[in-house]
Amino acid sequence: MINVLDLIKKIHIHPLLWVVVALAVATAHFFELSLLLLIIFIHELGHAAAASFFSWRIKRISLLPFGGVAEMDEHGNRPLKEEAIVTLAGPIQHVWLMGLAFFLYQLSLIPEQTYSLFIQYNLMILVFNLLPIWPLDGGKLIFLYMSLHDSFPKAFRKTLLVSGFSILIFIVTVLLTDPINLNVWIVLSFLIFSLYYEWKQKRYVFVRFLLERYYGKNFDLRELKPLKVKEEDMVVDVLERFQRGCKHPIIIEQNGKEKASLDENELLHAYFSDRLLSARIRDLLYEY
């Protein structure tokens, strides 16, 4: 259920945005900035509305000097289908926005110049957000695709590597086409910083994912996927094989035959409650 009042309360305007607004007024570009901010706001509101529908925890909807972001307090254990819908709910807003603009233009309710600018801004934001760069919507879709086949940390690491390669292509393209566009370089700097930060924090992101599983926040376990391990395997190494949307019975093998089994919650309990950070599977087997 979408609570409109709650969404409105989540809106946050970055202080530097007021500086950008003042500059736009001083340079007679306030109308263009207003159009851009309106489109960005509706884009982020689309994410937030979809997240609210699925009862996600929304931290805030921020309007920034260079864009916007709908921040969620979710850490990878929501259903992949839900996350795909929430991710696509932003880009899909541009479809009806452009359709509405075309309808109003055909009725001569908006001038051609405003219509052209509105369409241009929508296409620009739509294409930019679908670039395969984390944390853009395209990067999030790449992460979802990787999560279908790989463990959480492996999928996230691959996503960041794809993002880094995409940024390199983006930089080369800018250098060849518009090397003195300050706005583009500001956005690129933000993406590079965000990617660097996510790379440094990738272990923390993985631990948050495990914590939600530990506290029982498994919203979509689409299949049982047993993990075959050996007694000498490290618990942390087995945890790194955990995959989104899968329940993992732990099968301990010896000489190619099943010797015993553990539930994934036993590994999570040992790691977080008992603090057995360097334990091996055999330690849990004999203890439990």
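Going by what an unreviewed UniProt entry lists, the protein is known as M50 family metallopeptidase and is assigned to Cytobacillus spartinae. Under Cofactor (unreviewed entry), UniProt gives the following word-for-word description of the protein: "Zn(2+)". The record held by UniProt for the protein lists under Subcellular location (unreviewed entry) the comment "Membrane".

Caption draft 1: A look at the packing of helix α2 (residues 15–26) against helix α3 (residues 30–53). Packing of α2 against α3 brings their axes to within 8 Å, and their N-to-C directions diverge by 145°. Together, L17, V20, V21, A24 and V25 of α2 and F30, L33 and L37 of α3 make up the contact between the two elements. Its residues assigned to classes, the contact of α2 with α3 comprises eight nonpolar, no polar and no charged.

Caption draft 2: The arrangement of the UniProt feature "domain: Peptidase M50" (unreviewed entry) in the protein in detail. The sites that UniProt annotates as "domain: Peptidase M50" (unreviewed entry) are residues 34–105 and 113–170. Along residues 113–170 one finds 81% helix and 0% strand; the C-alpha atoms at either end are 29 Å apart.

Caption draft 3: Here's a closer look at the sheet that holds strand β1 (residues 11–13). As summarised here, the arrangement of the three strands in space is β1-β2-β3, forming an open sheet in which the pairing is mixed. A strand with exactly one partner marks an edge of an open sheet, and here the two such strands are β1 and β3 (67–72). For this sheet, the mean angle separating the axes of adjacent strands, direction not counted, is 20°. For strand β2 (residues 58–64) and β3, the ladder comprises six bridges, and the chain directions are antiparallel. Bridge assignment links S62 to a residue of β3, and that residue is V69. Against the sheet, α3 makes contact with β1, β2 and β3, and its axis sits at roughly 10° relative to β3, the strand it touches most.

What counts and how
- Residues numbered from 1 in each chain as written.
- Predicted model: local features only at pLDDT ≥ 70, side-chain atom pairs only at ≥ 80, totals over all residues.
- Heavy atoms only, no water.
- UniProt positions renumbered as here; feature names shortened; annotations may be inferred.
- Axes fitted to C-alpha atoms, helices over the stretch in contact; angles between N-to-C directions.
- Helix = DSSP H or I, 4+ residues; strand = E, 2+ residues; numbered from the N terminus.
- Contact = heavy atoms within 4.5 Å.
- Nonpolar A, V, L, I, M, F, W, Y, C, P; charged D, E, K, R; others polar.
- Pairing = 2+ DSSP bridges.

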